[in-house]
Each structure stands twice: as C-alpha cells, then as structure tokens.
Amino acid sequence: MDRREFLKASAITGASATLAGCGHPEHQLIRFIPEEELVPGVATWKPSICPLCPAGCGLLVRVMEGDAEVVRNGQIGLIKMGLAKKLEGNPAHPISQGKLCVRGQAAIQITYHPDRLRHPLKRTGPRGAGAFQEVTWDQAIDELASKVGALAEANNQGALAFWMRPSRGQRRELVAQFLHRFGAPPPFSFELFGEDVLRRANALSFGREQLPTFDLARTRYVISFGADFLGTWNSPVSQNIGYGLMRQGRPGQRAKLVQLEPRMSQTGANADEWLPIRPGTEGVLALGLAHVILNGRMRSADAAGRAGTLVDGWMNGLPDFTLPHVETLTGIAAARVERIARELAESAPAVAIIGGAPLAQTNGLFHALAVNALNALVGSVETPGGVFFTPIPNASSKPDAAGERERRRQSAAPTLDKLAAGILSAERPPIQILLLDEANPVFAAPPAWRVKDALQKIPFIASFGNFLDETSILADLILPDHSFLESWVDDVPEAGTTMAVASVAPPVMKALHQTRAMPDVLLDVARRLPRLNPPLPWQTFEQMLRASFEALPARAAPQTTPGVQPAVDVWSKAQEQGGWWAETPAGTRPPPNVATRDPGRPVSFVAARFDGETNEYPFHFLPYASQAFLDGSLAHLPWLQELPDVVTTAMWSSWAEINPKTAERLQIAQGNVVEIASRHGSLRAPVLLSPGIAPDVIAMPVGQGHEHYTRYATGRGANPISLLAPIVEEETGALAWAATRVRVSRVVGADLQLILFAGALRERPHEHEGR
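The numbers attached to residues start from 1 for each chain and follow its sequence in the written order. Totals for whole chains, interfaces and linings use all residues, but because this is a predicted model, local features are given only for residues with pLDDT of at least 70 and pairs of side-chain atoms are given and counted only at 80 or more. Hydrogens and water molecules were not included; the side-chain quantities draw on all heavy atoms of the structure.

A. Spatial organisation of the overall build of the protein chain. Within the protein chain one finds 24 helices and 25 strands. Sorting the 771 residues of the protein chain into buried and exposed places 56% on the buried side. Accessible surface area values rest on a Shrake-Rupley calculation with a 1.4 Å probe, where residue burial reflects the displayed protein chains alone. Accessible area for the protein chain stands at about 31,500 Å²; split by element, carbon and sulfur atoms hold 51% of it. In DSSP terms, a helix is any run of H or I states spanning at least four residues, a strand is any run of E spanning at least two, and both are numbered starting from the N terminus. The classification of residues rests on relative accessible area computed with a 1.4 Å probe and restricted to protein chains. Under 20% of the type maximum is buried, over 50% is exposed, and intermediate values are partly exposed.

See the structure below:
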C-alpha cells in the first residue's frame, strides 16, 4: 500500500466511524484482528527469490508493520500486518551477491497490483469475453478434481496437459510427479527467447545440457556474439558483478570487450569495439578466428578436443574459412578479423560468449558449436577466466524415478507449433483438459501457429495465474496463485555461479487476498483423485521442500574443527539464509549431466534461411528482449512501463529503430509513424533513429501490444511477435525469431507518439534555456 492508498484508507475509516455514530453501521469499514505479532516501526529482513527472470537471484525483503486492505471470509477490511516494503539483493546468495536489477526492484508491485485476481473465478460468458463470477475455493477445487477425475474414469489420462513457464526446482518436480502418477504427459513449456539451441550445443560439445557460467572477473578478453549479458541474457546480475571486477577489480589490468551484433545492445554500448555483423554469419566469424589461430600455429587443433571434432574441416585447419571468404560472408574486414584472432589467442585467459539473435536463426546450432570450439581451442573451458557449468545439487524429494523419466520424455515432447497443429487438425482434440501456470503462449507465439484457435477447441481450461492475460482469459476456471512474497518459493539456478545452489524461502508476509499457492492446490486436487498411483506423499508443498533439502549434504555449514563436519540442520539453515550452496572442490569438474551423443557428422556452414524475398522485404527484422519487459511478461508493472530504455531512453510505448542513413533514403524522420509488414502481419510504430543499428536491420523491443494484461499494459503499443514467421531451428524445433524479413513505409497522419525521457529537452533544447 502506497502513501496515497494509506491516506485514503485512513479517511474511509474516519468517515465510517462518523457514519456509525449517526446510526449507519452498514457504512463501517471492518478492521480485522492482526494475525501476527508485530513491533511497530521496526523492520525485519527476510529472504526470498526473485521470480521475474530465470536467473534465480536471492532477495532480502524489508518487512514492516502497516495497514493493508484485505479480503477475509469474503469481506473487505483493514488489518495491521507485516508488509513487504522494499526488495534488495541477498548479500549471502551466490547469484545476486547483494545486488538486484531494476526488474527485480519492481517485483514488489506484483503483490500490491490493483488488478490482481483476488479469488477463484468461473467463466460465465463466451471464451475470451472476460466474463467471470466469483466462486469459493471448495467449489473451484471440487470442479477441477471432478474434471480431471473424469479423464481417469474414462481411461483417458493422456488427455490432461499442463503448460507452465520454464522453471526448475521442486515446483516443477511436483507438477511432473503429479502428471506421471496420473498417467499424463510431462509438463510443457514454451519461451519466446528460449535457450534450447545453446543447451543442445553444450550437450554435444561438453556433455552439459545447460547454460554456461562465465568467470568474467578473472578474464582478460571477451568476445561476445550477440549476447546482451549485461542487459537481459542468462544471469544478468551475476554477469554485471563479474564485468565490474573485470573492468575495475584488478589494478593495472582492464580486460577488453568486443561485441558483434547487428543492433547495439546495452552490452554493445559498453564494449571497446562494436561490430555490426551480418545476421546469420556469427559462426562463420568464430571459425574465421579459429582459422587464423590454427594456421598461425598459436594453438593445435587437438586442443579443442570433442568440441573441435564436431566442426567440419577442423582437423585440416578450417580451409573453408579463409579471411577473404569470412569478410565476404560477415561484412567484417579481414584485417580486423585477423587482429581480433591474435588478441584472443595472446590474451589468455579469454572467453567467447554467444546468445540471443545468432541462436534464433535457422542455422543457430552451427553458430553455437563454432563458438564452443573456439572456446575449447583457446583453453577457456572449466578454467579460470573462462566458461564453467554450474553444478546441480544432487538431491530430490521424489521417492521414485519419476523426475528422471519426466526429463527423458520431455526431450521428445512436441513443440508448441506441433501441439497447436495437432489440436487444430483433430476432430477430437488430443488435449481435453489444459492447466496453465504463468504461461501466455497466445501473446508469445507467432500468429501462424494459431495457438489461440487451438486453445478454443480444448473443452476445459483452468489457470493458476494471478492476472488476466491473453491466454488465461480463455480459461473456464481460474484458481489464482499467491504472489511470490506470500508463498514458499524455491529455485535451482542453472547458471551464474560455480557453486551448487538450491534456493528456498518461506512466505515473507500473509496473503492479502483469497488466493492459494498453486503447489498446495495441486496437492489438494491429488488427494481427491483415487487413481493417482502411487499417491503423492506430501500434505503441503512445505513438506516436499523440506524433504528435498534434508537430502542435501550439510557441507554448506562452516567447519570448526579440521576434518570434522559439525552437525547442522540443513533445512533451518536454508530458510535462514535463503537456500543451500556449496563450493565445488578445487580442480574438479562436475560430471556430465547428459550423455554426449554423436550428431551424425560434423556440422558445416549452411546459409541462414529468411522468410520473405529480399526484393519485396529488404530488411532483417530483429525483435529483442526489452530491458523492462523481457518477453512481455512484465509489461503489467507500472514502474517498468515508466522506465526509460537504457540505450534509447524511450518509455511507455513501442518504437522501431532504424539507421539514420536508411531513414534518410526512405524520407523518414525521428518520430514519424511507419508501417512494418512481413508476410504474416503488419503493425505501426513511431521511428527512433539509431546509429547503433545496421542499415539493413529494423529492430523493435518485445513487451508491448497486449490485448489483455491489466490497466497498465492493455492496448499500449504494438506486439512485434505478430510479424514473425513460423520458422524453427531444425535440430531443436526452437522458434527462429530472428529469421523474418520486413518492408517499411511511412504512414502520414497517424497519431502514435514516441515518448522519450526528457524528450522535449532532447529535441528542442534551445526552448528550455534558462529554465
């Protein structure tokens, strides 16, 4: 509750008391008895976990007594309770190390958002109309259990599907075990800016099917192929900490950063060299660098090990990647490529990073394998200043092998486009019941996949979301989840540290509304299903978490006697500090987490395919993860709406970035409205001129353009995903979101405003002199 809401509540209380004195008790605002012991004016700090991106940063939450408007037993009133006031990074946590990004700071608005769903809802009108009525929790859970139980009675358990956002830890494990014991397929996840291509490449090259961790603090040279590792990619907070040490943490040493990308990102703006490489040729440049190193006898081909053997021509010195040929394909001058190669080889430790748009091409796996081979060649894998893989804690609460079976089955699970096509083509949809947990594929999928049409054919949809969005508005039943500050939360970070980490935290405050934690609702539903075999052994999600953490070794505790490990309550310690973590013994590498498999034959360069003929659609279209909204899932938070973009300073809007020379040729000026069209759709947006973009590229941030997503995001800006072609990377089936071509034309008379931070001062500086 902010100051304005507090004053309003105080005024209501005073007015109600006055009216009551006049004989109108029905106007009283109820004040509930506090449910916890509080010390007025004294703050406590409690651990939690940031849920806004996959990094899994540990938090400390400042909690103080305050008045809150709550719902209790169906009645609205005021109560004194401990309220979260501020979020900060947890200094003890290996990922955040006491730091927190701007998105993490805004996470507190999820709990206090005025458009949060406050109680269970049942659809009363046509799907998508947003017509719902309030129901009780008993009614909602009974209906969900009845629907799911009917599938079991009909021996049709496979018709139950669970779509959730990508996650790790026991929350996903609980869902996986529930589905396995019921006989349904494993949970399905779709993420616009997913990293399946990089995980697959790392599995092939190193036997580690996970994202990498970079020891930036100890490196001397970084070359980044499209990865905005200081902005939105992978584990930004830990990477920013490492980058700061890389630049200023060693007196007399300042590492160099080279960034290759067609559109300047936050990382590119911090680079010593920024090179606008031609889209779809990043792996060519990586192998051009390796060619120089190999033929200059600065390293031997054998040094790259398995990672090198996956690349065609590696043992012969990469004859297809001579400097003139690399220059022709990439647009980067041969002399510059040769200089960078020598700097990379002579500046050990050095590291190469790839992420973002290069992996979202039809030849994305080639780019990733090429960069992996380059890292292996210069000796940067599992060595100080290079690339590491975060150890995954070896503990689980599962009493059987359901989780491992789920992972194997998930590897063969259909992609979203195939799921939607299967539903649309079937007379009887293969999915009869769909459960949704913080997944919004209607917004995040290309229109050609027809995800919304597919969902309309599913007979029953239940959502656990606590906001209405483009997908949850199609639900028949909504069982709103607590916010993360009101729930038990856990996570197992995939990257960002060389320590094994399992994060956990209890609720930091009581629930404001009549919501319930999704894991506990699922356990309640499970108890009402007699055919769940075997039954889930936990009564609450807290019990499941405790079982998982008690299976972890107690090595996170400090030793007081050499060679003697003191007894420690791992569960209590984890709650106190926000998780469990342990150093990997020096000189050891974590074992492979996936069996390396033979890709069939070494990969070779095949030119990227782009949707749209060049003569009709002359520009590459680059949708990129917004600094504020990432993939659009955070657009409902007003602090992030008013956040100026770190590179352009644009805010509260959508915009299209165009090179000034291109704009001059098209007779387009700053702020003009243009129509951007692909073969699959069109949109309008104001123009922002940027010299940090290649002349043949048009870029737009993803995040705006929501049709249903609270008062702050609905109807604001345009959704660039609506232009994307339904092209995928063939090896993984991941969406090739950087493989669409577009055309651009000016629209005269359109009223769309480009909003820049201090825009008037920037555009008309002389009008404000002396003010």
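B. Local environment of unusual backbone geometry. For the bond from A348 to P349, the omega torsion is 0°, close enough to zero to count as cis. Here P349 lies in the loop between α12 (334–346) and β12 (350–354). Geometrically, the link from N533 to P534 is a cis peptide bond, its omega value of -10° lying close to zero. Relative to the helices and strands, P534 is located in the loop between α18 (518–527) and α19 (541–550).

C. Structural view of the nonpolar core. Core analysis: the biggest nonpolar cluster contains 74 residues, and I223, F225, F229 and W314 have the highest contact counts within it. With 10 residues, helix α13 (residues 364–377) is the single largest residue contributor to this core. For this analysis, residues touch if any pair of their heavy atoms sits within 4.5 Å. When residues no more than four places from it in sequence are discounted, the contact partners of F225 are L260, E282, L285, A286, L289, A352, I353, I354, G355, P358 and V371. For our purposes a nonpolar core is just a set of buried Ala, Val, Leu, Ile, Met, Phe, Trp, Tyr and Cys residues, chained together by side-chain atoms within 4.5 Å.

D. Structural context of the packing of helix α5 (residues 170–182) against α18. Lines fitted to C-alpha atoms define the axes, with helix axes restricted to the stretch in contact, and inter-axis angles between N-to-C directions lie between 0 and 180 degrees. Interhelical geometry of α5 versus α18 gives an angle of 20° and a closest axis separation of 10 Å. One way to sum up the angle between α5 and α18 is to call them roughly parallel. The way α5 lies across α18 gives a crossing that is left-handed. Here R171, L174, V175 and F178 of α5 come into contact with α18, specifically with M518, P519, L522, L523, V525 and A526. Throughout this description, any angle smaller than 35 degrees is read as roughly parallel, any larger than 145 degrees as roughly antiparallel, any in the 65 to 115 degree range as roughly perpendicular, and the remainder as oblique. With the far helix as reference, a near helix turned anticlockwise by less than a right angle produces a left-handed crossing, and one turned clockwise produces a right-handed crossing.

E. View of α13. Take the number of residues in a helix, subtract one, and multiply by 1.5 Å to get its expected span. Across its 14 residues, α13 extends 20 Å between first and last C-alpha, which sits within 8% of the 20 Å expected from 1.5 Å per residue. Within α13, 14 of the 14 residues are buried, leaving the element largely enclosed by the surrounding structure. Just beyond α13, the residue with positive phi is G379, at close to 75°.

F. Molecular detail of the pattern of salt bridges. The salt bridge criterion pairs a side-chain nitrogen of Lys or Arg with a carboxyl oxygen of Asp or Glu, the two atoms within 4 Å. A complete count under the given rule lists 36 salt bridges for this structure. With its nearest N and O atoms 2.8 Å apart, the salt bridge here joins K256 to E273. With K256 in strand β10 (residues 256–260) and E273 in strand β11 (residues 273–275), this residue pair connects regions lying 17 residues apart in the sequence. When its relative accessible area of 21% is taken as the criterion, K256 is described as partly exposed. On the basis of relative accessibility, which here comes to 11%, the residue E273 falls in the buried class. Overlapping salt bridges bring together R168, D196, R199, D491 and E494 as one network.

G. Broad picture of the packing of helix α9 (residues 282–295) against helix α11 (residues 323–330). Where α9 meets α11, the axes come as close as 10 Å, and the angle between the chain directions of the two elements is 165°. Between α9 and α11, the interaxial angle falls into the category roughly antiparallel. For the pair α9 and α11, the sense of crossing is left-handed. Contact residues: α9 offers V284, L285, G288 and V292, while α11 offers L323, V326, L329 and T330. Each residue belonging to the contact of α9 with α11 can be placed in one class, and the counts come to 6 nonpolar, 2 polar and no charged. For this classification, Asp, Glu, Lys and Arg are treated as charged, while Ala, Val, Leu, Ile, Met, Phe, Trp, Tyr, Cys and Pro are nonpolar and the rest, including Gly, are polar.

H. Structural context of the side chain of T390. With respect to the helices, strands and loops of the structure, T390 is situated in the loop between β13 (387–388) and α14 (402–411). We call two N or O atoms a polar contact when they sit within 3.5 Å, provided that within protein one can donate a hydrogen and the other can accept it, with sequence-adjacent residues counted only if both atoms are side-chain atoms. Engagement of the side chain of T390 in a polar contact is seen with the side chain of T213, the distance being 2.9 Å.

I. Quick look at the confidence of the model for the protein chain. Per-residue confidence from the predictor is reported as pLDDT, a score between 0 and 100. With 88% of its residues at a pLDDT of 70 or more, the protein chain shows a mean pLDDT of 90. Scored below 50 in pLDDT, residues 395–411 shows 39 contacts in the model against residues more than four places distant or in partner chains. Note that residues 556–561 has pLDDT below 50 and, in this model, 8 contacts with residues that lie over four places away or in other chains.

J. How the structure looks around the packing of aromatic side chains. Each aromatic pair joins two rings of Phe, Tyr and Trp (for Trp, the six-membered one) with centres within 6.5 Å, and gets the label stacked for planes under 30 degrees apart, edge-to-face for over 60, and tilted for any other angle. Following the criterion strictly, the structure yields 10 aromatic pairs and no others. Ring geometry for F193 against W737: centres 4.9 Å apart, planes inclined by 90°, an arrangement best described as edge-to-face. Here the residue F193 occupies a position in the loop between α5 and α6 (196–206), and W737 occupies one in the loop between α23 (710–713) and β25 (740–746), the gap between them amounting to 544 residues. By relative accessible area, which is 15% here, F193 ends up buried. Overall, W737 belongs to the buried group, its relative accessible area being 8%. Clustering of aromatic rings is evident, with ring pairs tying together W488, F549 and W571. For R263, the ring lying beneath its charged end belongs to Y624, and the centroid distance is 3.7 Å. By definition, being over a ring means that NZ of Lys or CZ of Arg is both within 6 Å of the ring centre and within 35 degrees of the ring normal.

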